[in-house]
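Coordinate analysis (summary)
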Amino acid sequence: MRSSVTRRGRPAPGEGVRIRRAAARDAKRLTRLVQASRAYQGPYAPMVDGYRVGPDYVETHRVFAAVEEATGRLLGFYSLVLDPPELDLMFVADDAQGAGIGRLLVGHLLDEARKAGLTGVRIISHPPAEGFYRSVGAVRTGTERAAPPAVMWDRPELLLPVLPVG
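Now for a description of the structure that goes with this document. The structure presented is a predicted model; accordingly, all values stated were derived computationally and were not measured. (Residues numbered from 1 in each chain as written. Predicted model: local features only at pLDDT ≥ 70, side-chain atom pairs only at ≥ 80, totals over all residues. Heavy atoms only, no water.)

One number sums up the size of the largest pocket: a volume of about 880 Å³. Lining of the largest pocket is provided by 37 residues; of these, Tyr-40, Met-90, His-126, Ala-129 and Tyr-133 occupy positions nearest its centre. Elements with a minimum of two residues in the lining of the largest pocket: helix H2 (45-48), strand S6 (85-92), helix H4 (101-115), strand S7 (120-124) and helix H5 (130-135). The biggest single contributor to the lining of the largest pocket is S6, with seven residues. Tallied by class, the residues present in the lining of the largest pocket amount to 22 nonpolar, seven polar and eight charged. (1 Å grid on protein atoms, 1.4 Å probe; cavity = no way out; pocket = protein on both sides within 12 Å on 5 of 7 lines; lining within 4 Å. Points joined across faces, edges and corners; volume = space filled by probe spheres on them. Helix = DSSP H or I, 4+ residues; strand = E, 2+ residues; numbered from the N terminus. Nonpolar A, V, L, I, M, F, W, Y, C, P; charged D, E, K, R; others polar.)

Inspection of the entire model under this criterion finds 13 salt bridges. Put simply, Asp-26 and Arg-20 hold a salt bridge, and the shortest N to O gap is 2.8 Å. Across the pair, Arg-20 and Asp-26 agree in class, each one buried. For the salt bridge of Arg-73 with Asp-95, the shortest nitrogen-to-oxygen distance reads 2.4 Å. One end of the pair, Arg-73, is in the loop between strand S4 (62-68) and strand S5 (74-82); the other, Asp-95, is in the loop between S6 and H4, and 22 residues separate them in sequence. Among the residues examined, Asp-95 registers a relative accessible area of 57% and is labelled exposed. (Salt bridge = Lys/Arg side-chain N within 4 Å of Asp/Glu carboxyl O. Buried < 20%, exposed > 50% of the residue type's maximum accessible area, 1.4 Å probe, protein only.)

Take H4 next. Look at H4: 21 Å from first C-alpha to last across 15 residues, which is about the 21 Å you get at 1.5 Å a residue. Among the residues of H4, those classed as buried are Ile-101, Gly-102, Leu-104, Leu-105, Val-106, His-108, Leu-109, Leu-110, Glu-112 and Ala-113. Phi for Gly-117, located one or two positions after H4, is positive at around 80 degrees. (Expected span 1.5 Å × (residues − 1).)

If you look at the biggest cluster of nonpolar residues, it comprises 45 residues, and the most contacted ones within it are Phe-77, Val-121 and Leu-160. Residues contacting Val-121, with those up to four places away along its chain left out, are Leu-80, Pro-85, Glu-86, Leu-87, Leu-109, Ala-113, Leu-158, Leu-159, Leu-160 and Val-162. (Core = buried A, V, L, I, M, F, W, Y, C linked by side-chain atoms within 4.5 Å. Contact = heavy atoms within 4.5 Å.)

Right, let's talk about the packing of aromatic side chains for a bit. Taken as a whole, this structure holds four aromatic pairs when the rule is applied. Considering the side-chain rings of Phe-64 and Tyr-78, the 5.3 Å spacing of their centres and the 25 degrees angle between planes classify their relative orientation as stacked. With Phe-64 in strand S4 and Tyr-78 in strand S5, this residue pair connects regions lying 14 residues apart in the sequence. When the ring of Phe-77 is compared with that of Phe-91, the centres are 5.9 Å apart and the planes differ by 20 degrees; the resulting orientation is stacked. With Phe-77 in strand S5 and Phe-91 in strand S6, the pair connects residues that are 14 residues apart, well separated along the chain. As far as the burial class goes, Phe-77 and Phe-91 line up, both buried. Every member of this aromatic cluster is reached through a ring pair, and the members are Tyr-40, Phe-77 and Phe-91. (Phe/Tyr/Trp six-rings, centres within 6.5 Å; stacked < 30°, edge-to-face > 60°.)

Written out as structure tokens, the structure is:
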């Protein structure tokens, strides 16, 4: 899947992006992207403090990476769990946000979910990301309560419908 997003009349940073299955060798780059995320600074920092996306996780889960074709730079990634259907992780590099990378990843996720025969994907959202998920079609279904000490805040629970093509 490739991006053709443009912004303000010039090619967007996401143009020339390829989504591919992540490999174990990507684990350190995925971890760095998670830990560097501005979305998890301040009160949310404990959530990713020491968080690691290990090679074993990448090998045993459906992890897909958005990479810039020209440079191989990692722009974002997601992890889809099939049973039960859930978006486990989704991150876009801070400087790539607003260029359509998140939407490109969600489109890919929906294609993968459709191929797997899923009708919906559950999302437990980082609170500031709820608006993004709603903008791509997810519907709020409830609230996942805080689970101290790992998660100190309530999180929106959403369902992303997987609609048939055509």
